[in-house]
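# Architecture at a glance
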Amino acid sequence: MRPAGVHSSPEINFPSSVAALTGIKGHNHMGRTVLEKELQGFVDKLVGDGRLVGSIAGWDEVESVALDQVQGSERLLLLDDIVLHRVADAALMVRDRLVKLTPVSNYTRSISLDRSEKLYADLLYVSPETGSVVVFEIKRARATARETITELLAYEQELRNHLPFSARTDICFVVVSTDYAPLLDHSLSSLITWHGLKILCLEADESLQLTVRLPLGWTSLGQDVIPARHIDTMTLRFTPHDPHADPVSTECLLGSALDLIGREADRGGVTGFGFAWENSDYPIGSIEPAGLTVARVNPAGFLGAAKADYFLGAMTRSPLHKRVAELGCGDRWHPSSPELDAATRFLSSHGTVSWHRTGSWRDMRSDQRHRSTGPIMDRYAVPVVFNSWGLIGDYTRDLLTNPARLADTCGELAGNVIGTHTPDFALKVIDTIAPDEKIPTFGAQWFTRLGFRLARLWTYAKAYQLKTDPLVRNRIRSLLAWARADLAVPMTELQLAASLADTATRPPQLVIGPSNGGEPTEDPDVIRRLVKWIGDDLIGNTSPLHKALVEAAFQNAQALDEGLLTIAPEIDLREIVAQTIYNARGGLEIAAHVAHRRRGALAGLTALLHATFDLPCEPDADPAALSAMIETIPANRLLDGYTQAVPAALDIAYPPLHFGGRRERVILSSGAVAVLRRRIRALWMAGRPAGVYVDGSGEYGICLLEDEVLAMFRSPGDDQVIVRSAHPGGMESHFLRTWTELRLSRRGDRV
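Anyway, here's the lowdown on the structure attached to this text. Note that the coordinates shown come from a computational prediction; the quantities given were computed from them, not determined experimentally. (Residues numbered from 1 in each chain as written. Predicted model: local features only at pLDDT ≥ 70, side-chain atom pairs only at ≥ 80, totals over all residues. Heavy atoms only, no water.)

## Some words on the sheet that holds strand β4 (residues 132–139)
Working definition: the strands of a sheet are paired by backbone hydrogen bonds and lie parallel or antiparallel to each other. Under the convention used in this document: What makes two strands pair is DSSP finding at least two bridges between them. Numbering of helices and strands starts at the N terminus; helices are DSSP runs of H or I of at least 4 residues and strands are runs of E of at least 2. The contact definition used throughout considers only heavy atoms, calling two residues in contact when any of these lie within 4.5 Å. Every axis in this analysis is a line fitted to C-alpha atoms, fitted for helices over the stretch in contact. Angles between the N-to-C directions lie between 0 and 180 degrees.
Taken in spatial order, the seven strands of this open sheet run β1-β7-β6-β5-β4-β3-β2, and their pairing is mixed. With partners counted over all chains shown, the strands left at the sheet margins are β1 (56–57) and β2 (102–106), one partner each. The sheet contact formed by strand β6 (residues 198–204) and strand β7 (residues 210–213) spans four bridges and is antiparallel. Paired with Ala204 across the two strands is Leu210, which belongs to β7. Lying over the sheet, helix α6 (residues 145–162) contacts β3 (123–127), β4, β5 (171–177) and β6, oriented at roughly 160 degrees with respect to β4.

## Some thoughts on the packing of aromatic side chains
The line we're drawing: Working definition: rings of Phe, Tyr and Trp (its six-membered ring) pair if their centres are within 6.5 Å, and the pair is stacked with planes under 30 degrees apart, edge-to-face with planes over 60 apart, and tilted otherwise. Under the scheme applied here, a residue whose accessible area is under 20% of the maximum for its type counts as buried, over 50% as exposed, and between as partly exposed, the area being computed with a 1.4 Å probe on protein chains only.
Applying the stated criterion across every chain, the model contains ten aromatic pairs. For the pair Phe273 and Trp361, a centre-to-centre distance of 4.9 Å together with 75 degrees between the ring planes defines the contact as edge-to-face. Of the two residues, Phe273 is situated in strand β9 (residues 272–279) and Trp361 in helix α13 (residues 361–365); the sequence distance between them amounts to 88 residues. Note on accessibility: Phe273 and Trp361 belong to one class, buried.

## Re the pairing of strand β12 (residues 381–389)
Of all the nine residues making up β12, seven are buried; the element is thus mostly covered by neighbouring parts of the structure. Here β9 runs beside β12; their pairing, made up of eight bridges, is antiparallel. Across the sheet, residue Asn279 finds its bridge partner in β12, namely Ala381.

## Re the environment of Ala628
Tracing the backbone shows Ala628 in helix α24 (residues 623–630). Considered as a pair, Ala628 and Glu589 are 39 residues apart in the sequence and their alpha carbons are 9.1 Å apart.

In structure tokens, the structure reads:
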């Protein structure tokens, strides 16, 4: 507790014994108790001598963690890493403001403007050079964890009473403690990560050595992408009061409404995105010239979907864990959306407003949607302007400052001037960090999707050339807009494969997008040549199966796209449909006959067939029995599963292709090593042995280790880690490496 009665002198006075402490290295004080006043005096003297920052250990690790955010090339939104990045960034930001500090008061003086209030900060300084106020809170016991957080929030409010328009970066806190109990760690992590306070945490040992501490209040979920099925969408239908309103003016109104939603969402801590769209059916087929679609990440889905069982184990960890997992997996958790209220009030003065639930983002982006006969967005909505907020907004804007990650995410867009609100850029980012399904790159699903999506682009580009009716062409515009969006991520990945593959020719250059006048620039002949190049040159003789998949998907796509009938109702698809059914059944039978050759594949295949097609197959079913059951699958079920379940079965039976010759051993950036090392160390301390996994495509992350794996090694040393490497055919190997062997120096040289 603070002494409350001394107000007579503005000077800061400390015991003479404390003033004698002149260095960071003290005598051996093991076993003695560090007094709070002693620690205050020690810190104050370091500040007065200008030696505080230099006397603190651990800056190298903090800098490496922060460097990972701007240097790392991972294309995914890693929630575990974001939490760690934010506490590291806050520590460095406070460090850079600990310059030329001028003392203001200590625990003997209240800092409140109201003389009747007693608010005593341990140490208070100002830095005119950086326009900052710095508050030091000195703690030495677990019992003070609760009051520490209460005091930090009280001091922040009082400092804003003095400096009412201060930014969060203008008010800095330094917490010095000999002990960080879970309550204090969780509280500080929350204040930094989710509430934006700038706090540097220092841990003091018995010899008064100060070391930077990054709070560890976050429990790793191992989440690497946002599951699209747990992103809920709402769509606004807007009818102007004036039936003759200019559509461009209506789009401007909706763009302003989107800005309001983004502002309220950021204020409320909501993570999501939204876009305004032009209605291609207006005015003949609809009285609504434009609309809004807003998406919000549903937080209840993560315990059940984001590798939670793998990282937390199957057991229930808490009553809240049990309830949230049940509700999240059962789609029974529906957060309210107050961020929509301001936009509704704004638009209500200009027209009639109604919001409707429109399913999940997965429903809107899965290739399966094209089998629907209903009014999916592809058939009427042309995206005009985009916005994102919360963690997705932060990730999107952070891309602009990370050239490596921007290039990996955006491919051909990375060299251009990028507008974060343009639909082509924003949809590509969303499809990268929130894919409708996470599939093996260059596997059966990947090539099937690519062929199907290229076929849709070819179909609509060709239809635009053949159809002269302005109404039909207008509808084709919306179909083309979403066909382009569907190809954004696969085309970047195709460019990567082309750059790695040893081919005699380069792929045909396909121009995608509308001209300035709105006409499609896509050349159907170039699309056909690209499909041929993929089969003949990129894949070649490497895998007849994958070559056949991409070519068949391109030829069969029209049988799976109900949207084609909205622009060409007279088309006869019976022959293509029959061929598509034959190909789908044949793909499943191929998987059934070869699955037994790959370890674990047969059990995975039978589970897929049972879940998708309701086949009563046993895990050890023989190929003949499986083929007989596959013959009973109804035609419509086969068509429904053509772009997902059928190639997924082949991915179980066959490994994905690899381009680029011999794989090089994975080398990580120093920032990535710092992040992984810290998280793995925390998991070991929590009794959950963990290591690094590396898959065939070079992606890496954290994995928990089974007992049989641990039995292969002695307990890893402080500079060692167990690495799990996945190989084609389902085989895995484990080996012990030092972190140094996995690290890439900051200048890009291998260590």
